[in-house]
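Read off the chains here:
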Amino acid sequence: MNWDDLKLIDAAARSRSLSGAAKALNLSQPQLSRRLKSFEEKVGARLFDRTPTGLKPTEAGLRLIPLAAEMRNKADAACRVLPDLSGSALKVVRVAVDEVRARVLTDRFCELTAMLDGIELEIISSHHHVDHQTRGIELQIRNCLPETDTLIARKVGCLAYGVYGSTAYVETHECAITEKRYSDCAWLGFAPDDLWYPSHVRWMEQRDIPPPKLRTNTMTTLLNMTASGAGLALLPVFMADGHTDLVALTGPLPELTYPEHIIVHRDVRREPAVRKAIDAIASVYKTMEPLLEGRMISSQVVAAE
């Protein structure tokens, strides 16, 4: 059943003439007449009698005309609602990120908000996988892929890590610029109870680095501890390369360079605001790509003589 066919029936019933129905539907009279005849042939019943005084509904027509009128009323009601629907659309998009990815977004905040064009962005601190089913969070940025097909992942770039130490620490510990850094230097890391970077721990274990004696549970604090001269640490290159008190000792490590994904629920992705937020975040990652991957190192990597 095609609604356009029922429009013919409704217009003909209200106008009681082919010319009036054709005018109401912006059709020529011959065109409307052919379409009405074709529809009657399709349903196998005559719906109108053509009389000298106009169209007269048949018994079959009388059964169909009220249904066509009801559909018109519903369509008219939908047209009245349509202008208000945009006001009910999502206006606030919540993004769950850890402090590293929060830094990516806030470093380009003006650029990001300009692309959002009125959509409000809430950056929610979270190191754990959020429950997208509850719809409390629309987006999450993380490096691992979702484990359910109800979630969609869009890769937006890569994030690299490297070994860093403070200028003062490197000047007083010559071993920091050699392979002896792994055995002879003090290292900083994360508290074992809040292990959010397991690959970093494995990387350190593979090099027989002693367990860090000074630990934290956030990357921001780890960066500050390293800058204070407490020891060496694995840090995001885009955060550490721009720090005036830090020295890059290895450059970006390929084995600690991870893809970044925006995770979203399939249903939530249909929201215009969510799609716009995803595109804006992806654009920010694209702009920062050389920084995030360590291809714009501001301080030269220190090498062993």
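This report concerns the structure included in the present document.

Scoring rules and cut-offs
Residues numbered from 1 in each chain as written. Predicted model: local features only at pLDDT ≥ 70, side-chain atom pairs only at ≥ 80, totals over all residues. Heavy atoms only, no water. Helix = DSSP H or I, 4+ residues; strand = E, 2+ residues; numbered from the N terminus. Buried < 20%, exposed > 50% of the residue type's maximum accessible area, 1.4 Å probe, protein only. Core = buried A, V, L, I, M, F, W, Y, C linked by side-chain atoms within 4.5 Å. Phe/Tyr/Trp six-rings, centres within 6.5 Å; stacked < 30°, edge-to-face > 60°. Lys NZ or Arg CZ within 6 Å of the ring centre and 35° of its normal.

1. Notes on unusual backbone geometry
At arginine 16, a residue that is not glycine, the phi angle is positive and equals roughly 60 degrees. Mapped onto the elements of the fold, arginine 16 is located in the loop between helix H1 (3-15) and helix H2 (18-24). The exposure class of arginine 16 is partly exposed, given its relative accessible area of 43%. The phi dihedral of aspartate 208 is positive, around 55 degrees, even though this residue is not glycine. With respect to the helices, strands and loops of the structure, aspartate 208 is situated in the loop between helix H9 (198-206) and strand E8 (214-216). Looking at aspartate 208, the relative accessible area reads 63%, which means it is exposed.

2. Section: the nonpolar core
Residues Val93, Val95, Leu139, Trp187, Trp203, Leu235 and Ile281 are the most contacted members of the largest nonpolar core, which totals 68 residues. Among the nonpolar cores identified, the runner-up in size contains 18 residues, and Leu6, Ala12, Ala21 and Leu47 belong to it.

3. Points about the packing of aromatic side chains
The tally for this structure, following the rule as stated, stands at four aromatic pairs. Ring centres of tryptophan 187 and tryptophan 203 lie 6.3 Å apart, and the angle between their planes is 50 degrees; on these two criteria the pair is classed as tilted. Taken as a pair, tryptophan 187 in the loop between helix H8 (181-184) and strand E7 (188-190) and tryptophan 203 in helix H9 lie far apart in primary sequence, 16 residues in all. Residue class for tryptophan 187 comes out buried when judged on its relative accessible area of 4%. Here a set of aromatic residues connected by ring pairs shows up, and it is made of Tyr182, Trp187 and Trp203. Above the ring of tyrosine 182, the side-chain terminus of arginine 181 is found at 5.4 Å from the ring centroid.

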